[in-house]
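Observations on the three-dimensional arrangement
Listed below are the residues making up each chain.
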Amino acid sequence: MWGAIEHLGRDDRTRGYLRDAWSPADLELRQWFRQEAAGRGLDLREDRNGNLWAWWGDPSERPGVVTGSHLDSVRQGGAFDGPLGVVSAFAALDVLRARGFEPGRPLGIACFTDEEGARFGVPCMGSRLLTGVLDPDRARGLTDDEGDSLAEVLRGAGRDPGELGRDPETLGHVGVFLELHVEQGQDLVHRDAPVGVASAIWPHGRWRFDFRGQANHAGTTRLEDRDDPMLPFARTVLRAREAAERGGVVATFGKFRVSPNNANAVPGLVSAWLDARGGEEAAVRALVAELVEFSGAEVSAESWTPVVDFDVVLRERIAAAVGGAPILATGAGHDAGILASAGVPSAMVFVRNPTGISHSPDEYAETADCHAGVTALATALEDLCGS
Ligand SMILES: [Zn+2]
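Cut-offs and rules
- Residues numbered from 1 in each chain as written.
- Predicted model: local features only at pLDDT ≥ 70, side-chain atom pairs only at ≥ 80, totals over all residues.
- Heavy atoms only, no water.
- Donors = N, O, S within 2.8 Å, 3.2 Å for Na, K, Ca; no water.
- Helix = DSSP H or I, 4+ residues; strand = E, 2+ residues; numbered from the N terminus.
- UniProt positions renumbered as here; feature names shortened; annotations may be inferred.
- Buried < 20%, exposed > 50% of the residue type's maximum accessible area, 1.4 Å probe, protein only.
- Contact = heavy atoms within 4.5 Å.
- Phe/Tyr/Trp six-rings, centres within 6.5 Å; stacked < 30°, edge-to-face > 60°.
- Lys NZ or Arg CZ within 6 Å of the ring centre and 35° of its normal.
- Expected span 1.5 Å × (residues − 1).
- Arc of directions from axis to C-beta.
- Salt bridge = Lys/Arg side-chain N within 4 Å of Asp/Glu carboxyl O.
- Core = buried A, V, L, I, M, F, W, Y, C linked by side-chain atoms within 4.5 Å.
- Domains from an automatic or database assignment.
- Buried area = accessible area lost by both parts, 1.4 Å probe.
- Polar contact = N/O pair within 3.5 Å; in protein donor to acceptor, adjacent residues only side chain to side chain.
- Nonpolar A, V, L, I, M, F, W, Y, C, P; charged D, E, K, R; others polar.

Now for the coordination of the zinc ion. Around the zinc ion, the donor atoms from the protein are His70 (NE2), Asp81 (OD) and His181 (NE2), and they sit 2.0 to 2.2 Å away. Coordination of the zinc ion draws on donor residues from a single chain, spaced H-x10-D-x99-H in sequence. Taken together, the residues span a long stretch of sequence, with histidine 70 in strand S3 (residues 64–70) and histidine 181 in strand S5 (residues 174–182) at a distance of 111 residues.

Following this line, the structure appears as structure tokens:
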């Protein structure tokens, strides 16, 4: 399975992945998912928000145990974030069938749409729409770098954007959700363990800062006559780092756009995106409030996810089932967090990442650790589906 998808959306110059939601690469990956489901005789359903579900058994009779992840990537991302969870889900199902296991309740494999938010700015778009925490009107109006709205992009992909929104019927099929994911950190390296189980996801959010000035000629405009928004932006980047260190949180300006974006022009507008996360919501909120005040920019909140504590009974059960795996918190958001917040008992299994690097072509997991992840997932599914 890995060999069938590893070239899709890969930039051969950097080895990084470009798998924006609804891009040609994403559509090919979705097609691959459909083929894998069909090859196993699973019942494939696409919900109103573009999420894919492959079912072994009928979840309308009884809510099922679902596992899966996403196939889109951040821009220039790695191969494992997302696809490892989907490939491992199919592989775990194969392991269970090879053992002759017959599930006592339906078993589903999910592929969530646009988890990374690389194209439209809102992460976990598919699960946020499904659970109703993202307003469908707002989603339809989000635009990508080309200025195309999600509504237009969906129509181009043959979907009806009018369908977007909370989908209690689909959500009702998910009795338990379990997401396997490459670790985005080095906890498991330090603990010398190939797999771990998540305890919580830190509260996190994204904010857009628009710094406005006056575009002008870089040669003829005297310094004292300039209104250059790059300067307050640069000060704000440095302030974010200081405030994060002071507050014991993390803050990142990882994306910005300059207008007009000419080497010989003073910019007229700098739009920048702040990502802030931490163990304590109050500390994250305090950092953002400080930067709003300091920057003088127009600031809009694009997304916010409160702390997610995964189901304690479920996570202990899974940790025990896979031989006493360590339990760790993460600063990364996931669809499992969105489902947990919507009341679906959810858990995550992490697979060791030797360098901890993620959202980069250097993201990696050893094959033996990936196999340990599949075994852990199969064991957990066997435990959860048997009851
Ligand atoms: Zn991911």
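Right, let's talk about the UniProt feature "binding site: Zn(2+) 2" (unreviewed entry) in the protein for a bit. If you check UniProt for "binding site: Zn(2+) 2" (unreviewed entry), the listed places come out as Asp81, Glu116 and His359 in our numbering. In summary, the annotated positions, though distributed over 279 residues, converge in three dimensions, the widest C-alpha pair being only 9.8 Å. Residue placement: aspartate 81 occurs in the loop between S3 and helix H3 (83–98). Looking at aspartate 81, the relative accessible area reads 4%, which means it is buried. Not counting chain neighbours up to four residues away, the residues in contact with aspartate 81 comprise His70, Asp72, Glu116, His181, Val182, Gln184, Ser358, His359 and Glu363.

A full pass over the atoms with the stated rule returns 12 aromatic pairs. Ring geometry for phenylalanine 233 against phenylalanine 253: centres 5.8 Å apart, planes inclined by 90°, an arrangement best described as edge-to-face. Residue phenylalanine 233 is found in helix H9 (residues 230–247), and its partner phenylalanine 253 is found in strand S9 (residues 250–259); the two are separated by 20 residues along the sequence. Using a relative accessible area of 18% as the deciding quantity, one classes phenylalanine 253 as buried. Taken together through their ring pairs, the aromatic side chains of Phe209, Phe211, Phe233, Phe253 and Phe256 make up a single cluster. Positioned over the ring face of tryptophan 304 is arginine 285, at 4.0 Å from the centre of the ring.

This next bit is on helix H10 (residues 281–295). An ideal rise of 1.5 Å per residue puts 21 Å on 15 residues; H10 measures up with 21 Å between its terminal C-alpha atoms. Inspection of H10 places Val284, Leu287, Val288, Leu291 and Ser295 among the buried residues, and these make up the whole buried set. In an axial view of H10, the angular spread of the buried residues amounts to 95°, which keeps them on one side of the axis. In this structure, H10 carries Ala282 and Glu293 as exposed residues pointing more than 90 degrees from its buried face. Downstream of H10 by a residue or two, glycine 296 has a phi angle that is positive, lying close to 70°.

Residue position: proline 59 is located in the loop between strand S2 (52–56) and S3. In this structure, the C-alpha to C-alpha distance between proline 59 and glycine 175, residues 116 residues apart in sequence, is 9.0 Å. Those residues in contact with proline 59 that lie beyond four places of it in its chain are Arg45, Pro106 and His173.

Turning next to the pattern of salt bridges. Here the structure, examined in full by the defined rule, presents 28 salt bridges. One salt bridge connects glutamate 46 with arginine 30, and the closest N-O pair in it is separated by 3.3 Å. A residue pair is termed long-range when its members are at least 10 positions apart, and glutamate 46 in strand S1 (residues 43–46) and arginine 30 in helix H2 (residues 24–39) qualify at 16 residues. The salt bridge involving aspartate 192 is made with arginine 352; its shortest N-O contact spans 3.7 Å. Here aspartate 192, found in the loop between helix H8 (187–191) and strand S6 (195–201), pairs with arginine 352, found in the loop between strand S15 (346–351) and helix H13 (367–385); they are 160 residues apart in sequence, far enough to count as distant. Since its relative accessible area comes to 18%, arginine 352 is described here as buried. Connected through salt bridges with shared partners, the residues Asp20, Arg75, Asp145 and Arg257 form a single ionic network.

Counting residues in each nonpolar core, the largest one holds 52 residues, and the members touching the most others are Phe33, Leu178 and Ile318. Not counting chain neighbours up to four residues away, the residues in contact with phenylalanine 33 comprise Leu44, Leu52, Trp53, Ala54, Leu71, Val86, Phe90, Ile109, Ala110 and Cys111. Listed in part, the 21 residues of the second largest apolar core include Val174, Phe310, Ala336 and Leu339.

Attention now moves to the domain arrangement of the protein. By the assigned domains, the protein splits into domain 1 (2–202 + 307–385) and domain 2 (204–304). Domain 1 puts 14 residues into the contact, and the matching count from domain 2 is 12 residues. Summed over both partners, the interface of domain 1 with domain 2 comes to about 1,000 Å²; 37% of that surface belongs to carbon and sulfur atoms. Across the domain 1-domain 2 interface, the total number found is 1 salt bridge. Measuring nitrogen to oxygen at the nearest pair gives 2.6 Å for the salt bridge that ties arginine 257 to aspartate 145. Summed over the shared surface of domain 1 and domain 2, the result is 6 residue pairs in polar contact (both at pLDDT 80 or more). Grouping the amino acids of the side of domain 1 that touches domain 2 by side-chain chemistry returns 6 nonpolar, 4 polar and 4 charged.

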